[in-house]
Amino acid sequence: MRVLVTGGAGFIGSHLCDALLDAGYEVTALDDLSTGSLVNLTGALARPGCRFIQGDIRDTLRVERALETFDAVVHLAARIGLRIIVESPFDTLDVNARGTESVVQAALKKKTPVLIASTSEVYGHSTKIPSSENDPICFGSPTIGRWSYACAKAYDEFYSLALQRERGLPVVVVRLFNTVGARQSGRYGMVVPRLTAQAVSGTPLTVYGDGTQSRCFCSVRDVTAALMALLLRFDDLSGEVFNIGNPVELKIVDLAQKIVERTASKSTIEFVPFASAYPAGFEEIMRRVPDISKARQAISFEPNVPLEEILDEVAAGIRSPAHR
Ligand code: UDP
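Calculation rules
- Residues numbered from 1 in each chain as written.
- Predicted model: local features only at pLDDT ≥ 70, side-chain atom pairs only at ≥ 80, totals over all residues.
- Heavy atoms only, no water.
- Near = heavy atom within 4 Å.
- Polar contact = N/O pair within 3.5 Å; in protein donor to acceptor, adjacent residues only side chain to side chain.
- Areas by Shrake-Rupley, 256 points an atom, 1.4 Å probe, with all protein chains shown as cover.
- Helix = DSSP H or I, 4+ residues; strand = E, 2+ residues; numbered from the N terminus.
- Nonpolar A, V, L, I, M, F, W, Y, C, P; charged D, E, K, R; others polar.
- Salt bridge = Lys/Arg side-chain N within 4 Å of Asp/Glu carboxyl O.
- Buried < 20%, exposed > 50% of the residue type's maximum accessible area, 1.4 Å probe, protein only.
- 1 Å grid on protein atoms, 1.4 Å probe; cavity = no way out; pocket = protein on both sides within 12 Å on 5 of 7 lines; lining within 4 Å.
- Points joined across faces, edges and corners; volume = space filled by probe spheres on them.
- Core = buried A, V, L, I, M, F, W, Y, C linked by side-chain atoms within 4.5 Å.
- Contact = heavy atoms within 4.5 Å.
- Disulfide = S-S within 2.5 Å.
- Expected span 1.5 Å × (residues − 1).
- Pairing = 2+ DSSP bridges.
- Axes fitted to C-alpha atoms, helices over the stretch in contact; angles between N-to-C directions.

Draft legend 1. Region of interest: the site of the ligand. Around the ligand lies a shell of 17 residues, among which Val-191, Thr-206, Arg-215, Glu-284 and Arg-288 are the nearest. Contact between the ligand and Met-190: an oxygen atom at 3.3 Å from a main-chain N or O atom of the residue. Separating an oxygen atom of the ligand from a side-chain N or O atom of Gln-213 is a distance of 3.3 Å. Contact with the protein chains hides 94% of the accessible area of the ligand, taken as 520 Å² for the molecule alone. Where the shell around the ligand is concerned, the elements lending two or more residues are α7 (191-201) and β8 (205-208). By residue class, the composition of the shell around the ligand is nine nonpolar, three polar and five charged.

So this is what it looks like as structure tokens:
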């Protein structure tokens with residue numbers, strides 16, 4: 001099976017390329033290298049069966065040509081990272097909505113199955129915890145730049161699911177909750193690599209607000225296993241949406257404490273008001289927890305990498321000479 005991974009040089013994409021190659025797939029990574037990096041693909045590109053194409057997903061002709069010879073597409077390419085999103089909502093909407101249109105329209109030509117990466121961000125301010133796939137999505141005002149990401153991703157879901165129903169394109173949507181592991185960059189937000197880098201360098205860990213906001217962190221290894229399982233299930237799961245994440249909830253202040261302990265750091269914890277942490281256009285989400293019963297039932301999804309192991313992997317990556 002030949003798989004095209006858009007965003008294949010990114011954090012999740014590169015781990016997926018590795019896992020697909022391990023399983024004997026041929027893989028091509030398409031990436032514009034805006035936030036992704038060829039360093040992430042060093043191992044993959046040294047193996048037979050792996051190719052790389054540099055390109056923008058909005059370049060319809062290039063995407064159509066790239067897609068001609070594939071059995072499936074995993075569409076991960078997107079503008080990501082809260083800092084980028086808050087600073088450039090137009091680019092976020094343009095890449096994440098128009099880029100996805102371009103990918104699914106190209107896939108439609110030969111009805112190539114597409115696994116679409118959406119996000120837990122679409123649950124936004126929903127107060128129903130945990131969030132289930134059929135719950136209403138609930139994001140904030142268009143005057144707040146942060147919501148451009150959720151809005152574009154929600155549009156991607158509507159668009160691809162409509163093409164599934166009305167044009168017969170095989171589509172599965174995954175809503176990825178906070179995914180963490182080695183290779184994730186802390187440059188554009190992303191609390192785990194940021195706080196771990198601070199702990200490793202002995203500087204204060206910047207916890208935003210009072211740290212009582214919470215997230216659920218899932219290993220990228222568990223996430224790629226779920227994506228691989230779904231890739232084999234277009235026959236019976238096309239048209240479905242799945243939450244993929246780890247339901248164990250953790251306050252950010254407790255995460256910071258755990259990172260200090262795991263790295264044996266002497267760093268202190270510094271509480272930074274949201275207003276100084278982010279530019280205008282930011283609004284915090286206080287809780288985000290996935291209900292994963294649907295994925296459990298469909299693909300026996302069970303996150304099994306403990307947070308301690310994830311934090312050790314992130315710290316090892318940051319300490320390694322390859323870390324930029
Ligand atoms: N956060 C923090 N310090 C940082 C970066 C992030 O306290 O240096 C907080 C942020 O306010 C949020 C959580 O960590 O509550 C997760 O942030 P991230 O950007 O990783 O993901 P998202 O908000 O999209 O879940």
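Moving on, there is more to tell.
Draft legend 2. Quick look at the pattern of salt bridges. By the definition in use, this model includes 24 salt bridges. One salt bridge connects Glu-121 with Arg-146, and the closest N-O pair in it is separated by 2.6 Å. Of this pair, Glu-121 sits in the loop between β5 (114-119) and α6 (147-167) while Arg-146 sits in the loop between β5 and α6; the two residues are 25 residues apart in sequence, bridging distant segments of the chain. Under the relative-accessibility criterion, Arg-146 is labelled buried at 2%. The partner of Glu-284 in a salt bridge is Arg-146, and the shortest N-O contact between them spans 3.7 Å. With Glu-284 in the loop between α11 (274-277) and α12 (293-299) and Arg-146 in the loop between β5 and α6, this pair connects stretches of sequence that are 138 residues apart. Through salt bridges with shared partners, a single ionic network connects Asp-32, Asp-56, Arg-58, Arg-79, Asp-91, Asp-94 and Arg-98.

Draft legend 3. Region of the structure containing empty space enclosed by the protein. As enumerated under the stated definition, the model contains two cavities of 30 Å³ or more in all. By volume, the second largest cavity is sized at about 40 Å³. Forming the walls of the second largest cavity are Ser-120, Tyr-123, Gly-124, Ser-126, Ile-129, Ser-131, Ile-285, Arg-287 and Arg-288. Among the residues forming the lining of the second largest cavity, the class breakdown is three nonpolar, four polar and two charged.

Draft legend 4. Looking closely at the nonpolar core. Within the largest apolar cluster, 40 residues are counted, with the highest numbers of intra-cluster contacts made by Leu-20, Leu-115 and Ile-244. It is helix α8 (residues 220-231) that contributes the most residues to this core, seven residues altogether. Sequence-distant contacts of Leu-115, defined by excluding residues within four places in its chain, comprise Val-73, Val-74, His-75, Val-172, Val-174, Leu-227, Leu-230, Leu-231 and Phe-234. Ranked by size, the runner-up nonpolar core spans 24 residues in total, among them Leu-4, Ile-53, Ala-107 and Val-173.

Draft legend 5. Layout of the state of the cysteines. Going through the model one piece at a time under the given rule, you end up with zero disulfides. Its sulfur unpaired, Cys-50 is 5.5 Å from the next cysteine sulfur, which belongs to Cys-17.

Draft legend 6. Quick peek at the side chain of His-75. In this structure, His-75 sits in strand β4 (residues 72-75). One polar contact links His-75 to Thr-6, side chain to side chain, over a distance of 2.7 Å. At 2.9 Å, the side chain of His-75 and the side chain of Thr-100 are in polar contact.

Draft legend 7. Representation of α8 within the structure. The terminal C-alpha atoms of α8 lie 16 Å apart, and with twelve residues this matches the ideal 16 Å at 1.5 Å per residue to within 8%. With respect to burial, α8 is a largely interior element, nine of its twelve residues being buried. Among the residues of α8, those classed as buried are Val-220, Asp-222, Val-223, Thr-224, Ala-226, Leu-227, Met-228, Leu-230 and Leu-231. Here α8 starts with a cap whose side-chain oxygen sits 2.9 Å from the backbone nitrogen of Arg-221, and that cap is Ser-219.

Draft legend 8. The sheet that holds strand β11 (residues 241-244), seen in detail. Strand order in this open sheet of seven strands is β3-β2-β1-β4-β5-β6-β11, and the pairing throughout is parallel. Both edges of this open sheet fall to β3 (50-54) and β11, since each of them pairs with a single strand only. This sheet shows a mean twist of 20° between the axes of neighbouring strands, independent of strand direction. Across five bridges, the pairing between strand β1 (residues 2-6) and strand β2 (residues 26-31) is parallel. The residue bridging Val-5 from the neighbouring strand is Ala-29, located in β2. Sheet strands touched by helix α1 (residues 11-22): β1, β2, β3, β4 and β6 (171-176). Its angle to β1, the strand with the most contacts, is close to 170°. Docked against the sheet, helix α3 (residues 60-67) engages β1, β2, β3 and β4, running at close to 170° with respect to β3.

That is the geometry; function is a separate question.
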